[in-house]
Amino acid sequence: MTSQTLTAAPPVRAPSVQSSLQRSRQRMAWLLVAPALLVLLAIAGWPLLRTIWFSLTDAQLGDLTQMQFVGLDNYIGENGVLRDAEWWSAVANTLQFSVISVTLETVLGLSVALLLNTPSRARTLLRAAVLVPWAIPTIVSAKMWSWMLNDQYGVINVMLQGLGLIDTPLAFIADPDLSFFTIILVDVWKTTPFMALLMLAALQMVPTDCYEAARVDGVPRWRVFTHITLPLILPAVLVAMVFRALDALRVFDLIYVMTSNSRLTKSMSVYVREQLVDFQQVGFGSASATVLFLIIVLFTVAYMAFTRRRMQGV
Amino acid sequence: MCQIRLDNVQKRFGDTPILADIQLTVEAGEFCVFIGPSGCGKSTLLRLIAGLEDVSAGNIHIDGVRVNDLPPARRDVAMVFQSYALYPHMTVYDNMAFGLRHLKLGEVEIERRVRVAAESLHLTPLLTRKPGALSGGQRQRVAIGRAIVRQPKVFLFDEPLSNLDASLRVKTRVEIARLHRELGRASMIYVTHDQTEAMTLADKIVLLKPLAGQEGVPSIAQVGHPLELYHHPRSRFVASFIGSPGMNFFDAEVLAASGDGVQCRAGGQVLDAAVNGRTCAPGSTLTLGVRPEHVLCGEGPHQGRVTHLEHLGEHSYAYLDCALSKAPLVVKVMQSALAIGDTLRFALPAGQLHAFVADGEALPRLAALPPAAMRAVSAAA
Ligand SMILES: Nc1ncnc2c1ncn2[C@@H]1O[C@H](COP(=O)(O)OP(=O)(O)OP(=O)(O)O)[C@@H](O)[C@H]1O
Ligand SMILES: [Mg+2]
């Protein structure tokens, strides 16, 4: 989200000769965005620059006054992050997590939004109720699900056994085969409401008279959905997916709380924290944080290039 | 051939009655115009016929089939929305073709129909554009084109010209009239609150009035040929709504009344009106009405002082301060030499006066419709 605000802020300078009115307007524009730019520089720019600087040193968390410049050693040196198999496994985990969870959240979110979009008295209430999972702090919901999914005293296992679906309790979190999907499940549970609301907003922007025109023309419902609804909400859906994907690429709290020690579910952020805090490797940790940052930048730039092409295509 | 019959149709939203006691037949191939003040339920009535709203009571028959429970798609109607309702992400071509694609017509037939419609609406050069890149008038024509390609039995238009500027409006009005002649067999129902449109297009006008919460009053004020509504308004509401500028009204006391005419006194002057006054008693009060274009100016028993003038080029409207009425009397004058403050003499021909009793109902006029109007009315019937 920050990257979008940043790129949107500075006014475009016109190439031609400017009137004094235009100049004073531009001065005003800069004046108005200056506070925001300063705050962004202070809270985002400075830490970022410092992280990049640390990544070029061998700093240790124990004593940050003693450090030496080591160039790109932390990246591509013998023990650099790009040569660490564990890092790449974290990258793979994160990508897999992002793709699966964002896809599921989009599909489920769209279904919920379509349900909520049908006019009914209960809708307002439902809309509020649906937001509850999103409003609960991640740590709380992660803990909650950890307890509910516990193989010894978890309520889910009791219910599944009661229904006769399983014979022995499943170790949703400890079992390496299950833990990854458990985490995706909890993330989907938590974030689907957010997607649903974004898409509901998009659905409500579709002019009702388009639907009425299609109704009079006798267009079947499914065709109305695929040929009118979907194309019209697609831009909003894409934005929602990108926001979610950027979030998912940084996933940390959920995994940290539920399966902090498992190599199978380790995400990039968890890896970074481990290096920085557990192993006290500020230099190396900063290097991995920077790589994580670059991956997200790459993703954002690709998305922006894609949308710009689309906008020009229209 | 397709006739639409509405039988005692009612519509309420919640507890509010919007339409009451609609009794109406639209003949096959007829051009029927719904007109009425804003909020009187014209769009609602159109949407009832289209099937976008359910009737609260009564029956709708299209082509002899009761359609109350049929979805819009099975009523074989096409609707042109006031807002055009074009699909913003589709080209003009696709906008017109979309309603046909699920009908298994084959792309060749679809293309043929779209091309023919586009040609007649001058849309051919615009087929690849999207609605966002069209002017209001062009969008409106696309909306009409989308209805034409369906080849429905009934066309429903909801104020299609209300977003256009004056000159485009006249042009499109003529095009719609031409379209109706060309499509021949299709019935058209057309909603407007512009009475010039209503007068010029309609075979039959349906004038609706707002219910304003009253019970037991039908929504339809009068149905008939435009000239019938103009010359023989059945109530004061109809008389004031049809015609522009509106009819002048003033109160008068009945001196003598019979089936051959009524003599009254207004502002100290005696007036004769050629209306059937069998039902009114001497001494009672009537409201007299006369249209600005029917006042004979230049000489006559009455006189008034000009307080305001509106020059329209070919003729002018003069607002007169006179003894007959408190409100200024508007008259149409051909001479433009008149100035504010001048005194104008005028006469009110008995045959041009309308008379309304206290509850607004008109006394039948003795004068027949002018011959041209008679011909038009009987042709329509
Ligand atoms: N869905 C609805 N729920 C409640 N009341 C409605 C609804 N739709 C319309 N109405 C009311 O019904 C009345 C008639 O509305 P309608 O849109 O048919 O008027 P109209 O004659 O088409 O007016 P206009 O000339 O302004 O388009 C209005 O008073 C309106 O407030
Ligand atoms: Mg309307």
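Scoring rules and cut-offs
- The numbers attached to residues start from 1 for each chain and follow its sequence in the written order.
- Throughout, the order in which chains and ligands are written sets their labels, letters from A for the former and numbers from 1 for the latter.
- Only residues with pLDDT of 70 or above have their local features reported here, since the model is predicted, and side-chain atom pairs are shown and tallied only from 80 upward, although totals for entire chains, interfaces and linings are computed over all residues.
- As a rule here, side-chain values cover all heavy atoms of the structure and leave hydrogens and water aside.
- UniProt positions are given in the numbering used here, feature names are shortened, and annotations may be inferred rather than shown by experiment.
- Put simply, DSSP H or I for four residues or longer makes a helix, DSSP E for two residues or longer makes a strand, and each gets a number counted from the N terminus.
- The buried label goes to any residue with under 20% of its type's maximum accessible area, the exposed label to any with over 50%, and the partly exposed label to all in between, with areas taken from a 1.4 Å probe on protein chains only.
- Contacts: residue pairs with any heavy atoms within 4.5 Å of one another.
- The accessible surface values rely on the Shrake-Rupley method and a 1.4 Å probe; as for residues, cover is taken only from the protein chains in view.
- Neither His nor the chain termini are counted; the positive set is Lys and Arg, and the negative set is Asp and Glu.
- Throughout, a charge is located at the NZ atom of Lys, the CZ atom of Arg, the CG atom of Asp or the CD atom of Glu.
- The aromatic pairing rule takes the rings of Phe, Tyr and Trp, using the six-membered ring of Trp, and pairs them if the centres are within 6.5 Å, calling planes under 30 degrees apart stacked, those over 60 edge-to-face and the rest tilted.
- Here, over-ring charges are defined by two tests on the NZ atom of lysine or the CZ atom of arginine: distance to the ring centre within 6 Å, and angle to the ring normal within 35 degrees.
- In these notes, residues near a molecule or strand are those with any non-hydrogen atom within 4 Å of it.
- Under this definition, polar contacts are N or O atom pairs within 3.5 Å; protein pairs additionally need one hydrogen-donor-capable and one acceptor-capable atom, and for neighbouring residues in sequence, both atoms have to be side-chain atoms.
- Basically, the charged four are Asp, Glu, Lys and Arg, the nonpolar ten are Ala, Val, Leu, Ile, Met, Phe, Trp, Tyr, Cys and Pro, and anything else, Gly included, counts as polar.
- The pLDDT score gives, residue by residue, the confidence of the prediction method on a 0 to 100 scale.
- Whether two strands pair comes down to DSSP finding at least two bridges between them.
- Every angle, taken between N-to-C directions, lies between 0 and 180 degrees, and every axis is a line fitted to C-alpha atoms, over only the stretch in contact when it is a helix.
- Here, nonpolar core refers to any group of buried Ala, Val, Leu, Ile, Met, Phe, Trp, Tyr and Cys residues whose side-chain atoms link them within 4.5 Å.
- By convention in these notes, a salt bridge is any Lys or Arg side-chain nitrogen within 4 Å of a carboxyl oxygen on Asp or Glu.
- A 1.4 Å probe defines the accessible area here, and the buried area is the portion of it lost by two parts on being joined, summed over both.
- To count toward a patch, a residue needs a relative accessible area over 30% and no salt bridge; like charges are then connected within 9 Å, while nonpolar side chains (Val, Leu, Ile, Met, Phe, Trp, Tyr) are connected within 5 Å.

Under an unreviewed UniProt entry, the name given to chain A is Sugar ABC transporter permease, and the source organism is Vogesella margarita. As recorded by UniProt, the Sequence similarities (unreviewed entry) comment attached to chain A reads in full: "Belongs to the binding-protein-dependent transport system permease family." Chain A has a UniProt comment under Subcellular location (unreviewed entry) that states "Cell membrane".

*Asks:* Please provide a residue-by-residue account of the overall build of chain A, values included.
*Replies:* Helix and strand content of chain A: 14 helices and zero strands. When the elements of chain A are put in sequence order from the N terminus, they spell out α-α-α-α-α-α-α-α-α-α-α-α-α-α. Taken over the C-alpha atoms alone, chain A extends approximately 80 × 75 × 30 Å along its principal axes. Evaluated residue by residue, chain A yields a buried proportion of 37% over its 314 residues. Of the contacts made within chain A by residues no fewer than 6 positions apart, 64% connect residues no fewer than 24 positions apart. Total accessible area computed for chain A in this model is approximately 18200 Å², and 68% of it derives from carbon and sulfur atoms. Side chains of chain A give 22 positive and 19 negative charges; the mean places of these two sets differ by 18 Å.

*Asks:* I'd love a proper account of the packing of aromatic side chains, names of residues and values included.
*Replies:* All names here are of chain B. Counted under the stated rule, the structure contains 13 aromatic pairs over all chains. A ring pair is formed by F155 and F157, whose centres lie 6.2 Å apart and whose planes are at 15°; its orientation type is stacked. Members of the aromatic cluster, joined through ring pairs, are F31, F155, F157 and Y190. Taking NZ or CZ as reference, R146 lies 4.9 Å from the ring centre of Y87, over its face.

*Asks:* Could you give me a rundown of the site of ligand 1, with the residues and numbers involved?
*Replies:* All names here are of chain B. Taken together, F13, I18, S38, G39, C40, G41, K42, S43, T44, E159 and H193 make up all the residues around ligand 1. Measuring from an oxygen atom of ligand 1, one finds a backbone N or O atom of G39 at 2.8 Å. Separating an oxygen atom of ligand 1 from a backbone N or O atom of G41 is a distance of 2.9 Å. For the shell around ligand 1, the element with the most residues is helix α1 (residues 42–50), which contributes three residues. Taken together, the residues of the shell around ligand 1 sort by class into three nonpolar, six polar and two charged.

*Asks:* Lay out the confidence of the model for chain B with the relevant residues and their values.
*Replies:* Of the residues in chain B, 96% have a pLDDT of 70 or more, and the chain-wide mean is 90. Model confidence for the complex is summarised by a pTM of 0.79, with the ipTM given as 0.82.

*Asks:* Mind laying out the sheet that holds strand β9 (residues 204–208) of chain B, listing which residues take part and the relevant values?
*Replies:* Residues and elements named next belong to chain B. Strand order in the open sheet formed by six strands is β6-β7-β8-β3-β9-β10, with mixed pairing between adjacent strands. At either end of the open sheet lies a strand with only one pairing partner, and these are β6 (77–80) and β10 (220–224). For this sheet, the mean angle separating the axes of adjacent strands, direction not counted, is 15°. Where β6 and strand β7 (residues 154–158) come together, four bridges link them in parallel fashion. Bridge pairing links M79 to L156 in β7. Those strands touched by α1 are β3 (31–35), β6, β7, β8 (187–192) and β9, and its axis lies near 155° from that of β7. Seen against the sheet, helix α4 (residues 136–149) touches β6 and β7 and runs at an angle of roughly 180° to β6.

*Asks:* Just give me the short version of the confidence of the model for chain A, but keep the residues and values in it.
*Replies:* The predicted model of chain A averages 86 in pLDDT, with 93% of residues at 70 or higher. Taken as a whole, residues 1–10 of chain A scores under 50 in pLDDT and shows eleven contacts with residues more than four places along the chain or in a different chain.

*Asks:* Before we move on, can you summarise the nonpolar core with the specific residues and values?
*Replies:* Counting residues in hydrophobic clusters, the biggest one holds 47 residues, and the most contacted among them are B:M96, B:V114, B:I144, B:Y190 and B:L207. It is α4(B) that contributes the most residues to this core, six residues altogether. When neighbours within four sequence positions are excluded, B:L207 is seen to be in contact with B:I35, B:G36, B:S219, B:I220, B:A221, B:Q222, B:L229, B:F237, B:V238, B:F241 and B:I242. One finds A:V224, B:I4, B:L45 and B:A50 within the second-largest nonpolar core, a separate group that totals 41 residues.

*Asks:* Account for the pattern of salt bridges, with residues named and values stated.
*Replies:* One pass over the structure, following the stated rule, counts 24 salt bridges over all chains. For B:D63, the salt bridge identified is with B:K153, shortest N-O distance 3.2 Å. Placement of the pair is B:D63 in the loop between β4 (57–62) and β5 (65–66) and B:K153 in the loop between α4 and β7, with a sequence separation of 90 residues. Through salt bridges that share partners, A:E105, A:D187, A:R244, A:D247 and A:R250 make up one connected network.

*Asks:* Lay out the interface of chain B and chain A with the relevant residues and their values.
*Replies:* In this assembly, 22 residues from chain B lie in contact with 16 residues from chain A. Both faces combined, the contact of chain B with chain A buries some 1700 Å², and carbon together with sulfur accounts for 64% of it. Scanning the region where chain B abuts chain A turns up two salt bridges. We note a salt bridge from B:R47 to A:E212, for which the minimum N-O separation is 2.7 Å. Summed over the shared surface of chain B and chain A, the result is eight residue pairs in polar contact (both at pLDDT 80 or more).

*Asks:* Please provide a residue-by-residue account of the UniProt feature "domain: ABC transmembrane type-1" (unreviewed entry) in chain A, values included.
*Replies:* UniProt feature "domain: ABC transmembrane type-1" (unreviewed entry): in the numbering of this structure it lies at residues 91–305 of chain A. The span residues 91–305 of chain A carries 78% helix and 0% strand; its end-to-end C-alpha distance comes to 23 Å.

*Asks:* Quick one: what's the story with the sheet that holds strand β18 (residues 343–347) of chain B, residue by residue and with numbers?
*Replies:* All names here are of chain B. What the four strands build is an open sheet, ordered β17-β16-β15-β18; its pairing is antiparallel. Looking at the sheet topology across the chains shown, the edges are occupied by β17 (329–333) and β18. Averaged over all pairs of adjacent strands, the angle between strand axes in this sheet comes to 50°, irrespective of strand direction. Sheet analysis places strand β15 (residues 296–311) next to β18, joined by six bridges and oriented antiparallel.

*Asks:* Which residues make up the pairing of β10(B), and what values go with them?
*Replies:* All names here are of chain B. Of all the five residues making up β10, four are buried; the element is thus mostly covered by neighbouring parts of the structure. Bridge analysis of β9 against β10 gives four bridges, and the strand direction is antiparallel. Bridge assignment links V206 to a residue of β10, and that residue is V223.

*Asks:* Break down a nonpolar patch on the surface for me, with residues and values.
*Replies:* Residues and elements named next belong to chain A. A surface patch of nonpolar side chains, about 380 Å² in accessible area, is lined by L72, I76, L82 and W88. With respect to the helices, strands and loops of the structure, L82 is situated in the loop between α3 (73–76) and α4 (85–117). With a relative accessible area of 32%, L82 lands in the partly exposed category.

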